[in-house]
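Observations on the three-dimensional arrangement
These are the residues of each chain, in order.
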Amino acid sequence: MKWIFFSLVLINLSLYLWTTGHPQDQQQLQLGEEEINTRTMMLLSERDALGDSQNICMRIGPFLTQSTFADASRQLEEIGLSYSKTAVSARKLKTYRALIAVPNESTTLDRLRQKLDEISVDHYKFEDSGSEYLSVGLFSQPGDARNFVGRLKEHNIVVNYRPELRTLGPLRWIEVDTVPDQYARDELGKATWGDAMASVLTFPCAA
């Protein structure tokens, strides 16, 4: 079942980067292309809706912080479930950021931001090595970044892009040791995990 788990990790990382990496609507970060058997890996509510009588195992996560990881562990203790903990080590991911040097004149910056708004390009200011920039896009492939730069050039906006290494993880998971009874499953379905990525996932127990 390891390939299922690591495929799931890649999907969750894609979703996380999509929600936190300021992506553009024409692309998403592609971390894994392996097709997942959706019948094999499901959310708790989806498995319950199917009424599957097969014994299932549960994994909760991923948790990005130690505090949400600890809070989730306490919730399982209150429900009366035994569990174990696992973690996926931190990994490096190469991405390509499109950016614009912030103009010295505030009026020029205001006009630039207005133009970006008019063409529906999300942006935010950040500082790097003592200089200020507007981040206008994050891409997984250099070709996508080049195409984006060309698109903004058509609007007379000069954009550059550069590679960046992003550290992901460690990602923490909780493994439920025994198949929960109906009460525990109901409580898990109502639980709030405090982490945007975390959910209860089920899969057939290994023989």
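This write-up is about the structure you can find in this document. None of these values were measured; they are calculated from a predicted model.

1. Comments concerning the packing of aromatic side chains
Enumeration over the complete set of coordinates arrives at five aromatic pairs. Between Phe63 and Phe69, the ring centres sit 5.9 Å apart and the planes meet at 50 degrees, which makes this aromatic pair tilted. This pair shows no difference in class: Phe63 is buried, exactly as Phe69 is. Both rings, one in Phe139 and one in Phe148, keep their centres 5.2 Å apart while their planes meet at 45 degrees; by these two values the pair is tilted. The pair Phe139 / Phe148 is uniform in exposure class, with both members buried. Chaining the aromatic ring pairs together yields one cluster made of Phe63, Phe69 and Trp193. Sitting over the face of the ring of Phe69, Lys85 holds its NZ or CZ atom 5.2 Å from the ring centroid. Over the aromatic face of Tyr133 sits the side chain of Arg162, whose NZ or CZ is 5.7 Å from the ring centroid.

2. A closer look at the pattern of salt bridges
Summed over the entire model, instances satisfying the criterion amount to six salt bridges. Of the charged contacts, one joins Arg162 and Glu164 as a salt bridge, the two residues approaching to 3.3 Å between their closest N and O atoms. On the basis of relative accessibility, which here comes to 24%, the residue Arg162 falls in the partly exposed class. A salt bridge links Glu187 to Lys190, with the nearest nitrogen and oxygen atoms 3.1 Å apart.

3. Here we look at the sheet that holds strand 6 (residues 131–139)
Strand pairing in a sheet takes place through backbone hydrogen bonds and is either antiparallel or parallel in direction. Pairing in this open sheet of four strands is antiparallel, and the strands run 5-6-4-7 from one edge to the other. On the outer flanks of this sheet lie strand 5 (124–128) and strand 7 (160–168), each paired with one strand and no other. Between one strand axis and the next, the sheet turns through 50 degrees on average, direction left out of account. By the bridge criterion, five bridges tie strand 5 to strand 6 in an arrangement that is antiparallel. Paired with Phe126 across the strands is Tyr133, a residue of strand 6.

4. A short note on the nonpolar core
Ranked by internal contacts, the top residues of the largest apolar core, which has 18 residues, are Ile100, Leu116, Val136, Leu152, Ile157 and Val159. At the level of secondary structure, the elements contributing two or more residues to this core comprise strand 4 (91–101), helix 4 (106–118), strand 6 and helix 5 (142–153). At four residues, helix 5 tops the list of elements feeding residues into this core. If sequence neighbours within four positions are ignored, Val159 has contacts with Ala98, Leu99, Ile100, Val136, Val149 and Leu152. By size, the runner-up hydrophobic cluster in this structure holds 17 residues, among which are Phe69, Tyr83, Ala184 and Leu188.

5. A few points about the side chain of Glu175
Within the secondary structure, Glu175 is located in strand 8 (residues 171–176). Residue Glu175 is classed as buried on the basis of its relative accessible area of 16%.

6. Some remarks on the environment of Gln75
Summarising the element assignment, Gln75 is placed in helix 3 (residues 66–79). Residue Gln75 is classed as partly exposed on the basis of its relative accessible area, which comes to 21%. Between the C-alpha atom of Gln75 and that of Thr192, which follows or precedes it by 117 residues, the distance is 9.2 Å. If we skip the residues at most four places from it in the chain, Gln75 touches Ala191, Thr192 and Trp193.

7. Some remarks on unusual backbone geometry
Cis geometry is found at the peptide bond from Gly61 to Pro62, where omega equals -5 degrees. Following the sequence through the fold, Pro62 ends up in strand 2 (residues 56–63). Positive phi, normally seen in glycine, also occurs at Ser120, with a value near 60 degrees. Secondary-structure assignment places Ser120 in the loop between helix 4 and strand 5. Positive phi, normally seen in glycine, also occurs at Asn156, with a value near 60 degrees.

So, how was this worked out
- Residues numbered from 1 in each chain as written.
- Predicted model: local features only at pLDDT ≥ 70, side-chain atom pairs only at ≥ 80, totals over all residues.
- Heavy atoms only, no water.
- Phe/Tyr/Trp six-rings, centres within 6.5 Å; stacked < 30°, edge-to-face > 60°.
- Buried < 20%, exposed > 50% of the residue type's maximum accessible area, 1.4 Å probe, protein only.
- Lys NZ or Arg CZ within 6 Å of the ring centre and 35° of its normal.
- Salt bridge = Lys/Arg side-chain N within 4 Å of Asp/Glu carboxyl O.
- Pairing = 2+ DSSP bridges.
- Helix = DSSP H or I, 4+ residues; strand = E, 2+ residues; numbered from the N terminus.
- Axes fitted to C-alpha atoms, helices over the stretch in contact; angles between N-to-C directions.
- Core = buried A, V, L, I, M, F, W, Y, C linked by side-chain atoms within 4.5 Å.
- Contact = heavy atoms within 4.5 Å.

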